[in-house]
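Structure assessment
Listed here are the chains, written in short residue letters.
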Amino acid sequence: MMDRVLVRDEIEVARELQKALLPAGTPEVAGYRFAHSYRIANDIGGDYYGFHSLADGRLLLLAGDASGHGMAAGLLMAIADATLKVALDIGAAPERTVALLNRALHRCGTARNFMSLFYGVLHLESGRLEYLCAGHPFPLLRRHDGRIEELGRGSLPLGVRQEPDAVLEVSELQEGDTLVMYSDGLPEARNAAGEVFGFERVAALVHPGGTAAELHARLLGELDRFLAGEPLGDDVSVVVVERLASTPTSGDRPGAPPPPPRTPPAPSP
């Protein structure tokens with residue numbers, strides 16, 4: 001009984017430490033709205049996301065998923081967070097930061113220690129978004145006219161090889177656009193019949209648009225209806241970033257069907 005109490009207490013401490021690594025609230029940024037949430041499948045989760053204010057009016061957007069489940073995934077998440085904060089303290093560029101994080105994970109010593117990551121630097125005034133996507137599900141950029149773009153290209157998660165193969169890319173959040181980041185626990189969720197939620201369903205739910213809060217609620221509401229009480233098999237994190245429009249746009253209407261999404265990336269463990 002004493003051993004069980006000690007294990008329970010240690011797990012509770014680990015959960016509190018992990019909770020401290022995630023955003024405590026929603027960023028207050030002029031011209032933008034945010035919505036985010038995190039659901040864990042086990043006592044300790046491996047999903048990771050955050051917002052960090054940088055110099056010169058920039059905002060760092062992060063979404064990641066550590067391999068495995070439970071305590072092992074939580075430890076990888078903690079390593080990634082510590083490495084990231086050191087990189088930010090020394091003012092490392094996005095490519096350099098991702099390279100440092102990749103090296104830290106690669107040095108953990110086993111082939112099972114890796115992490116998918118979307119690393120985006122948003123210039124708040126212009127909407128310019130510089131990003132690297134390493135093995136993470138491609139975020140969906142919903143344009144104000146209803147078009148959906150996927151941000152990323154095929155690459156390995158961090159920690160798999162000594163050098164990362166993700167490349168720096170550039171996009172732009174225009175007024176009325178919405179960016180949706182999510183972990184693979186969302187599209188890979190299975191109901192009691194063995195059906196998967198699917199990347200196509202995620203894209204179809206993003207297409208109608210709406211505010212950040214509305215879109216976030218739509219995704220999680222449909223996930224709950226789909227699961228119908230079935231427990232999660234993996235952690236699910238969803239982050240929605242909306243750039244406000246100065247004036248209403250005629251493109252924000254649900255009439256047109258969503259364009260077919262590209263072939264999704266290979267799911268990360």
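All of these numbers come straight from a predicted model, not from anything done at the bench. (Residues numbered from 1 in each chain as written. Predicted model: local features only at pLDDT ≥ 70, side-chain atom pairs only at ≥ 80, totals over all residues. Heavy atoms only, no water.)

1. Points about the packing of aromatic side chains
In this description, a pair of aromatic rings is defined by centroid distance and the angle of the planes. One pass over the full model with this rule turns up 5 aromatic pairs. Arranged with centres 6.4 Å apart and planes meeting at 80°, the rings of Tyr38 and Tyr49 form a pair that is edge-to-face. Here Tyr38, found in strand β1 (residues 32–39), pairs with Tyr49, found in strand β2 (residues 47–54); they are 11 residues apart in sequence, far enough to count as distant. By relative accessible area, which is 19% here, Tyr38 ends up buried. (Phe/Tyr/Trp six-rings, centres within 6.5 Å; stacked < 30°, edge-to-face > 60°. Helix = DSSP H or I, 4+ residues; strand = E, 2+ residues; numbered from the N terminus. Buried < 20%, exposed > 50% of the residue type's maximum accessible area, 1.4 Å probe, protein only.)

2. So, the packing of helix α4 (residues 199–206) against helix α5 (residues 212–227)
Remark: α4 packs on α5, axes separated minimally by 9 Å, with the N-to-C direction vectors making an angle of 140°. If you check the angle between α4 and α5, you find them oblique. For the pair α4 and α5, the crossing hand works out as right-handed. Where α4 abuts α5, its residues Arg201, Val202, Leu205 and Val206 lie against Leu215, Arg218, Leu219, Glu222 and Phe226. (Axes fitted to C-alpha atoms, helices over the stretch in contact; angles between N-to-C directions. Parallel < 35°, antiparallel > 145°, perpendicular 65-115°, else oblique. Left-handed = near helix turned anticlockwise from the far one by under 90°. Contact = heavy atoms within 4.5 Å.)

3. Remarks on the pattern of salt bridges
All told, the structure shown has 11 salt bridges when counted by the stated rule. A salt bridge links Glu149 to Arg147; its shortest N-O distance comes to 3.2 Å. Salt-bridge contacts for Arg153 lead to Glu169; the nearest nitrogen and oxygen are separated by 3.3 Å. Of this pair, Arg153 sits in the loop between β7 (148–150) and β8 (169–172) while Glu169 sits in strand β8, and the two are 16 residues apart along the sequence. Owing to a relative accessible area of 15%, Glu169 belongs among the buried residues under this scheme. If you follow the salt bridges from partner to partner, you end up with Arg143, Asp145, Arg147, Glu149 and Asp177 in one network. (Salt bridge = Lys/Arg side-chain N within 4 Å of Asp/Glu carboxyl O.)

4. Quick word on the pairing of β1
Along β1, 6 of the 8 residues are buried, which leaves the element largely enclosed by surrounding structure. Bridge analysis of β1 against strand β10 (residues 236–243) gives 8 bridges, and the strand direction is antiparallel. By the bridge assignment for β10, Phe34 is matched with Val241. (Pairing = 2+ DSSP bridges.)

5. Thoughts on α4
By the burial criterion, the buried members of α4 are Phe199, Val202, Ala203, Leu205 and Val206. Projected onto a plane normal to the axis of α4, the buried residues spread over an arc of 165° and lie on a single side. In this structure, the buried residues of α4 make contact with β6 (140–142), β7, β9 (178–182) and α5. (Arc of directions from axis to C-beta.)

6. Remarks on the sheet that holds β6
With antiparallel pairing, the 5 strands of this open sheet are ordered in space as β1-β10-β9-β6-β7. Because the sheet does not close on itself, it has two edges, and the strands there are β1 and β7. Pairwise comparison of adjacent strand axes, ignoring direction, gives a mean angle of 15° for this sheet. Bridge count between β6 and β7: 3 bridges; the pairing is antiparallel. Along β7, the bridge assignment pairs Leu141 with Glu149. Where α4 meets the sheet, its contacts fall on β6, β7 and β9, and the angle it forms with β6 comes to roughly 25°. Each of β1, β9 and β10 touches α5; the most contacted strand, β1, lies at about 25° to it.

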